[in-house]
Amino acid sequence: MTSPARSIGVFDSGMGGLTVMRALMARLPRESFVYLGDTARLPYGTKSGDTVTRYAVQCARALAAHDIKLLVVACNTASAVALPALSKALAPIPVLGVVEPGAEAAVAAAPSGRIAVIATEGTVKGGAYERAIRARNPKAQVKQMPCPLFVPLAEEGLTDGPIVELVARRYLEPIFGAKERPECLVLGCTHFPPLAPVIAKTIGRGVTLVDSAETTALAVERLLKERKLARTDGSASPVVFLATDAPERFARVGQIFLGKQIAPARVELVDLQSIS
């Protein structure tokens, strides 16, 4: 039987998943975490499904070596295409993605069913959000827009200013300039929350932003209780940070997503190439 004292593993293609980590740490203060950012192979969103699946399984197995009790896939692209492979590779460790919780929150926020999703190219092409939303509301009107430039902007720490505003208008005005505007906008990539103020300014009032980080933290809390894996005593260990490239940069830029400083000495460089 898996011990509740074990850590929760979290991975993303880069640092965007730290927004999920931030929400998890706030909601589950007794839990310990191991975070892996595959910074050497960022972004996942422009790669094929087979490649993303291979990378994701390597990340998952690297985290499994840390004796985790649960894997959180804090990457929308990997959640969209690799969950079956990840569940098979890590069984019996439970695996939770970010798409299903985000879709559930979107349906709740859009009574009339008008929902917009912005994400990476891979997530949009895979159609995972649209399927998950329509499974909950078959009459939903889902508009999707790939926003690939948001990822490098966020990774560079460019979260406001004229460059970001120009890119946001280019992506969002075709959706929100229409007569029947969506009621909610799903931030379908964990890199997008730091850009939320600019996104909200661009789309105007009356639209609910759905952040998959917060909804995923709620889903993790429920799963831990259902599986009797929640830690009820003791205190959390310091977060273990793993990166596949540039740990110093991970620490510097990662604080934008995590909301607190990361000491460079706490980021361990790992090589996933030897993991099959």
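Residues numbered from 1 in each chain as written. Predicted model: local features only at pLDDT ≥ 70, side-chain atom pairs only at ≥ 80, totals over all residues. Heavy atoms only, no water.

Draft legend 1. Representation of the overall build of the chain in the model. Looking only at helices and strands, one finds 11 helices and 10 strands in the chain. Relative to a compact globule of 276 residues, whose C-alpha radius of gyration would be 19 Å, the chain shows 18 Å and is just as compact. In terms of overall dimensions, the chain has C-alpha extents of about 55 × 40 × 35 Å along its principal axes. Residue pairs in contact within the chain that sit at least 24 positions apart in sequence constitute 78% of those at least 6 positions apart. Of the accessible surface of the chain, which amounts to about 12,100 Å², a share of 52% is contributed by carbon and sulfur atoms. Between the mean site of the 32 positive side-chain charges and the mean site of the 25 negative ones, the chain shows a separation of 4 Å. (Helix = DSSP H or I, 4+ residues; strand = E, 2+ residues; numbered from the N terminus. Rg over C-alpha atoms; globule rule 2.2 N^0.38 Å. Contact = heavy atoms within 4.5 Å. Areas by Shrake-Rupley, 256 points an atom, 1.4 Å probe, with all protein chains shown as cover. Lys, Arg positive; Asp, Glu negative; His and termini not counted. Charge placed at Lys NZ, Arg CZ, Asp CG, Glu CD.)

Draft legend 2. Molecular detail of the sheet that holds strand E7 (residues 184-187). The strand order across the open sheet formed by 4 strands is E6-E5-E7-E8, and the pairing between neighbours is parallel. The sheet is open, and its two borders are formed by strand E6 (141-146) and strand E8 (208-211), each paired with just one other strand. When the angles between neighbouring strand axes are averaged without regard to direction, this sheet yields 20 degrees. Packing against the sheet, helix H4 (residues 99-109) makes contact with strand E5 (114-119), E7 and E8, and its axis sits at approximately 165 degrees to E8. (Pairing = 2+ DSSP bridges. Axes fitted to C-alpha atoms, helices over the stretch in contact; angles between N-to-C directions.)

Draft legend 3. Examining the packing of H4 against helix H6 (residues 128-136) more closely. Two numbers describe how H4 lies on H6: the axes approach to 9 Å, and their chain directions differ by 50 degrees. Between H4 and H6, the angle falls in the class oblique. For the element pair H4 and H6, the recorded crossing hand is right-handed. Contacts between H4 and H6 involve Val 99, Glu 100, Gly 102, Ala 103, Glu 104 and Val 107 from the first element and Ala 128, Tyr 129, Ala 132, Ile 133 and Arg 136 from the second. When its residues are assigned to classes, the contact of H4 with H6 shows 7 nonpolar, 1 polar and 3 charged. (Parallel < 35°, antiparallel > 145°, perpendicular 65-115°, else oblique. Left-handed = near helix turned anticlockwise from the far one by under 90°. Nonpolar A, V, L, I, M, F, W, Y, C, P; charged D, E, K, R; others polar.)

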